[in-house]
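A look at the structure
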Amino acid sequence: MERESQSPDVTTAAERLIERSHIDDTGQGQPLGEHARQRQRSVEAYLRGEALPRYMQRARDIEKATRDHERDLQRAYERLRGVVDRLEFPRRWREIARNWDFEAVNQLVREHNEWYPVERDLPMNVRTRDYVLVNGRSYRRVELDEAWVLARFPAEP
């Protein structure tokens, strides 16, 4: 089935995930790893708690990636503080924050924001026409960016 020509940013995170999950044009897919071959994937395994739901796996991956970024940013922050004078530091730190690569974790965040309500079967609020709050908060996660970095590691002394 051929799609109409669209700009790449028109596809949703869910569509990109589904496209990546298909076997490539040669008919050759990636071989399953040893762990995946030995693990039973079934409703019974899920109910026994042997297989985490995808939204839980994704949440774990987002949290780990976020912690890793914070740790790496902390190191870069301290290293830059030791090398650059006080007047030069804010400009250089903002530049580092602006150019920090968050694409992998932000892709997970976009997938979470798109799939979580479906995976959890969240009910809709008929007044707001949005999904209900989870523990009093929106299920949506915020993508990491320069503002996220500067909120944790301020450029000003």
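Here, the structure is the one placed above.
These lines cover the structure that appears in this document, whether it is placed above or below.

About the thresholds
As a convention, each chain's residues are numbered from 1 in the sequence order in which they are written. Thresholds applied to this predicted model are a pLDDT of at least 70 for local features of residues and 80 or more for the giving and counting of side-chain atom pairs; totals over whole chains, interfaces and linings are not thresholded and use all residues. Note that water and hydrogens are dropped before the side-chain values are worked out from all heavy atoms of the structure. Residue types Ala, Val, Leu, Ile, Met, Phe, Trp, Tyr and Cys, when buried and joined through side-chain atoms within 4.5 Å, form a set referred to as a nonpolar core. Here's how the labels work: a residue is buried when its accessible area is under 20% of the maximum for its type, exposed when over 50%, partly exposed in between, all with a 1.4 Å probe on protein chains only. For helices the rule is a DSSP run of H or I covering at least 4 residues; for strands it is a run of E covering at least 2, with both sets numbered from the N terminus onward. Only heavy atoms enter the contact rule, under which two residues are in contact if any of them lie within 4.5 Å. To estimate how far a helix should reach, multiply one less than its number of residues by 1.5 Å. Note on bend: at a given residue it equals the angle between the axes fitted to the 7 residues ending there and to the 7 starting there.

The next thing to look at is the nonpolar core. Core analysis: the biggest nonpolar cluster contains 19 residues, and L73, W93, F102, V105, W148 and V149 have the highest contact counts within it. The biggest single contributor to this core is helix 4 (residues 54–83), with 6 residues. Not counting chain neighbours up to four residues away, the residues in contact with F102 comprise H69, L73, L144, D145, W148 and V149.

Attention now goes to helix 6 (residues 103–119). With 17 residues, helix 6 ought to run about 24 Å at 1.5 Å a step, and its terminal C-alpha atoms sit 23 Å apart, in line with that. Taking the largest bend as the criterion, helix 6 deviates by roughly 35 degrees, centred on N113, and proline P117 comes between one and four positions later. Turning to helix 6, its buried residues number three or more, namely V105, N106, Q107, L108, V109, E111, H112, Y116 and P117.

A separate point is unusual backbone geometry. Phi at D121 is positive, roughly 55 degrees, even though this residue is not glycine. Since its relative accessible area comes to 64%, D121 is described here as exposed. One non-glycine residue with positive phi stands out, namely N135, at about 55 degrees. Within the element layout of this structure, N135 appears in the loop between strand 2 (130–131) and helix 7 (146–152). On the accessibility criterion, N135 (78% relative accessible area) is exposed.

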